[in-house]
Amino acid sequence: MTITEPPPRSGRDGQRAAGARERHLGAIFETVLTRGPLSRRDVARMTGLSPASVTKLVKPMIHHGYVTEQDPEAGVPGRPQIPLAINPDRHYAVGLKLMSSEIVGVVVDLQAQVQSSHRLKFEDRSLQGGLATIEKITGVLLGRCPVPSDRLLGIGIGLGGHVNGPAGVLHRSPFFSWRDAPLQKLVSERLNLPVVIENDVNTLAVAEQWFGAGSAFSSFLVVTVGTGIGCGLVLDGRLWHGVSGVAGEFGHMIVDPDGPACHCGKRGCLESVAGGEAIVRAMSGATGPRITKVSQVANLAHAGDPAARKAFTQAGVALGRAIATLLNLINPPLLILSGEGLAASDLFIDALREEVERSVFSTAARDCTLLVRPQPDEAWARGAAATMLRHGVLSSLRALTDEALM
Ligand SMILES: [Zn+2]
C-alpha cells in the first residue's frame, strides 16, 4: 500500500457534456428495460430528465430499433401516452460460465431471455484447451440459435477468481492454472467477436441489476454461497470492481487466522470456514460411508444427524457474522443470497439470520432486505450474457450520442 498526493483534476467541458448525454441515454434505456413499457412522461419522471430531453434522446433509440412504440394507452386523461418498450430482437449475446470441469453456455435476447443452452466438458484444461472448448460451445450455441451478425453483440464470459473485467485479464482462478491470461483478447481474436470477461459473481450482480430484483435499487449486494463464497457490489448504479477487480472477494476475508488452509494460500478465509469444503470436512470423523459431497451431508442433516446439522449451523453462523460486516460497511437496502449452496439453505439460513442480527451495528440489518435466491448453473451463464449485453448496448448507445444532438 502506498500513500501519495491525489493527482490534479482534469476534464474539458465538451467531454463532460458528451459524457452526460451518454449517461442520460444509458439511464433512459435502463429505465425502459427494467420498468417498461413506459410513456416518455414516466421515463422523464423516473430519470429526473426533462420531457423535452427524453423525447430528443429516445428518437435515435427508436430509429435504430432499440426501443419500439406500442399502441397508445386508452382511458388515460389528456393526450394519449405512447408506451415505450425494449425491442428484445434488436440484440443477442452469448454467455458462458466456466466451471472446474465444464462450460455452461446460453444465447439470450436483449431482455436476457434464454434462446438456447448447452453444456460441454473440458477435454484439456490448459489455456489452449480452454480456448478450444470456448470456441466449440459457442459454435454449438449459435448453430442452435442462428443470430444475424449485426445483432450479435458478442460473448460474455464469467468465472470464479481474480478477474480484472475492465482490463480483460484473468489473474487467477481456483479452477485453472491459467495465470495473468489476457483472456478477453485471446477469445476475441480466436472467434472474431467482441468479448467481455468478468468475475462470475459480478455477472450475477449485473443480471440482477438489469433483469432481476436489483433493478429497483441503485445499490445492492449479491452474495454467493457454495464451494466458493463471493460478493458482487452494485453501488450507486455501478458494478464496483475496485482498482484491479479484487473488489468483492468476501470469501477471502480472514475470519480465523488459525483456521484451515484456503486455496488462496492463506489460512482461515471465510470460504475455508463456511464453504462447501468446510461442511464436508466437519464430517471427516463420521462413521459410515466416506463423505465427499455437501449433498451427502445435507441428506444426513435432513435425516436428523446431529453432526451434519451442526456442520451447517456453524457455516451459517460464520456467514452471518461476515455478512454483518458487509452490512456495516455498505449499508445496502438489498442483499441477494445466491449460489449452489442455497440448495440446502433450510439447514443454515436461521443461524445466518440470527448471527447477522446479533453482530450488526445499529439498524443495518433492519435497513436491508435479505432475498434468498437459489439459481441453476444456467443463471450464471445468463449473467455472463447479461454482462455482454450491458457492455455492448452501452457502447452502441455511445455511438448514438452525436445523433441525439440533432
Ligand atoms: Zn482464501
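### Here we look at the nonpolar core
Residues Ile28, Phe29, Met61, Leu389 and Leu397 are the most contacted members of the largest nonpolar core, which totals 49 residues. Broken down by element, the residue count for this core peaks at 10 residues, all from helix 12 (residues 377-400). Those residues in contact with isoleucine 28 that sit more than four places away from it in its chain are Val43, Thr47, Leu49, Val54, Leu57, Val58 and Met61. Core analysis: the second largest hydrophobic core is formed by 40 residues, Leu221, Ile291, Ala301 and Ala308 among them.

### Regarding the coordination of the zinc ion
For a metal with four tetrahedral donors the ideal donor-metal-donor angle is 109.5 degrees, while six octahedral donors give ideal angles of 90 or 180 degrees. The zinc ion binds to the protein through His252 (ND1), Cys262 (SG), Cys264 (SG) and Cys269 (SG), with metal-donor distances spanning 2.0 to 2.3 Å. The coordination sphere of the zinc ion comprises 4 donor atoms, whose angles at the metal cover 106 to 119°; the geometry is tetrahedral. Linear spacing of the donor residues for the zinc ion on their chain is H-x9-C-x1-C-x4-C. One end of the pair, histidine 252, is in the loop between strand 12 (238-239) and helix 7 (270-274); the other, cysteine 269, is in the loop between strand 12 and helix 7, with 17 residues separating them in the sequence.

### Side note on the domain arrangement of the protein
Interface size, as often reported, equals the accessible area lost upon joining of the parts. As assigned here, the protein comprises domain 1 (13-87), domain 2 (92-206 + 379-395) and domain 3 (213-375). On the domain 2 side, the residues contacting the 6 residues of domain 1 number 5 residues. For the pair domain 1 and domain 2, the summed buried area comes to about 510 Å², and 69% of that belongs to carbon and sulfur atoms. Put simply, domain 1 and domain 2 have 1 salt bridge between them. For the salt bridge of arginine 390 with glutamate 30, the shortest nitrogen-to-oxygen distance reads 3.3 Å.

### Looking at the packing of helix 2 (residues 40-47) against helix 3 (residues 51-63)
Where helix 2 meets helix 3, the axes come as close as 9 Å, and the angle between the chain directions of the two elements is 115°. Taken together, the axes of helix 2 and helix 3 are roughly perpendicular relative to one another. Taken as a pair, helix 2 and helix 3 cross one another with a handedness that is right-handed. Contacts between helix 2 and helix 3 pair Arg40, Val43, Ala44 and Thr47 from the former with Pro51, Val54, Thr55, Val58 and Ile62 from the latter.

### Thoughts on the side chain of serine 39
Note that serine 39 resides in the loop between helix 1 (13-35) and helix 2. Exposure remark for serine 39: the relative accessible area of 2% places this residue in the buried category. Excluding residues that lie within four positions of it along the chain, serine 39 makes contacts with Gln81, Ile82, Pro83 and Leu84.

### What to know about the pairing of strand 9 (residues 195-199)
Here strand 9 lies mainly inside the structure; 5 of its 5 residues are buried. The two faces of strand 9 match: Val195, Ile197 and Asn199 on one face and Val196 and Glu198 on the other face are all buried. In the sheet, strand 6 (residues 152-159) pairs with strand 9 via 5 bridges, with the strands oriented parallel. Of the residues in strand 9, the one forming a bridge with glycine 156 is valine 196.

### Topic: the pairing of strand 13 (residues 334-338)
Counting buried positions over the 5 residues of strand 13 gives 5, a clear majority of the element. Alternating residues of strand 13 divide into Leu334, Ile336 and Ser338 and Leu335 and Leu337, and every residue in both groups is buried. Where strand 10 (residues 220-225) meets strand 13, 4 bridges bridge the pair, whose relative direction is parallel. Its bridge partner being in strand 13, valine 222 is matched across the sheet by isoleucine 336. Across 4 bridges, the pairing between strand 13 and strand 14 (residues 369-372) is parallel. Note on strand 14: the bridge partner recorded for isoleucine 336 is leucine 371. Crossover handedness for the path strand 13 to helix 11 (residues 349-359) to strand 14: right-handed.

### Concerning the packing of helix 9 (residues 294-302) against helix 10 (residues 306-330)
Viewed as axis vectors pointing N to C, helix 9 and helix 10 meet at an angle of 120°, and their least axial separation amounts to 7 Å. Between helix 9 and helix 10 lies a crossing whose hand is left-handed. Residue-level inspection shows Val294, Val297, Ala298, Leu300 and Ala301 of helix 9 in contact with helix 10, the latter providing Ala308, Arg309, Ala311 and Phe312. Its residues assigned to classes, the contact of helix 9 with helix 10 comprises 8 nonpolar, no polar and 1 charged.

The rules behind the values
Residues numbered from 1 in each chain as written. Predicted model: local features only at pLDDT ≥ 70, side-chain atom pairs only at ≥ 80, totals over all residues. Heavy atoms only, no water. Core = buried A, V, L, I, M, F, W, Y, C linked by side-chain atoms within 4.5 Å. Buried < 20%, exposed > 50% of the residue type's maximum accessible area, 1.4 Å probe, protein only. Helix = DSSP H or I, 4+ residues; strand = E, 2+ residues; numbered from the N terminus. Contact = heavy atoms within 4.5 Å. Donors = N, O, S within 2.8 Å, 3.2 Å for Na, K, Ca; no water. Tetrahedral: all angles 85-135°; square planar, octahedral: opposite > 155°, others 65-115°. Domains from an automatic or database assignment. Buried area = accessible area lost by both parts, 1.4 Å probe. Salt bridge = Lys/Arg side-chain N within 4 Å of Asp/Glu carboxyl O. Axes fitted to C-alpha atoms, helices over the stretch in contact; angles between N-to-C directions. Parallel < 35°, antiparallel > 145°, perpendicular 65-115°, else oblique. Left-handed = near helix turned anticlockwise from the far one by under 90°. Pairing = 2+ DSSP bridges. Right-handed = clockwise from strand over helix to strand, strands pointing away. Nonpolar A, V, L, I, M, F, W, Y, C, P; charged D, E, K, R; others polar.

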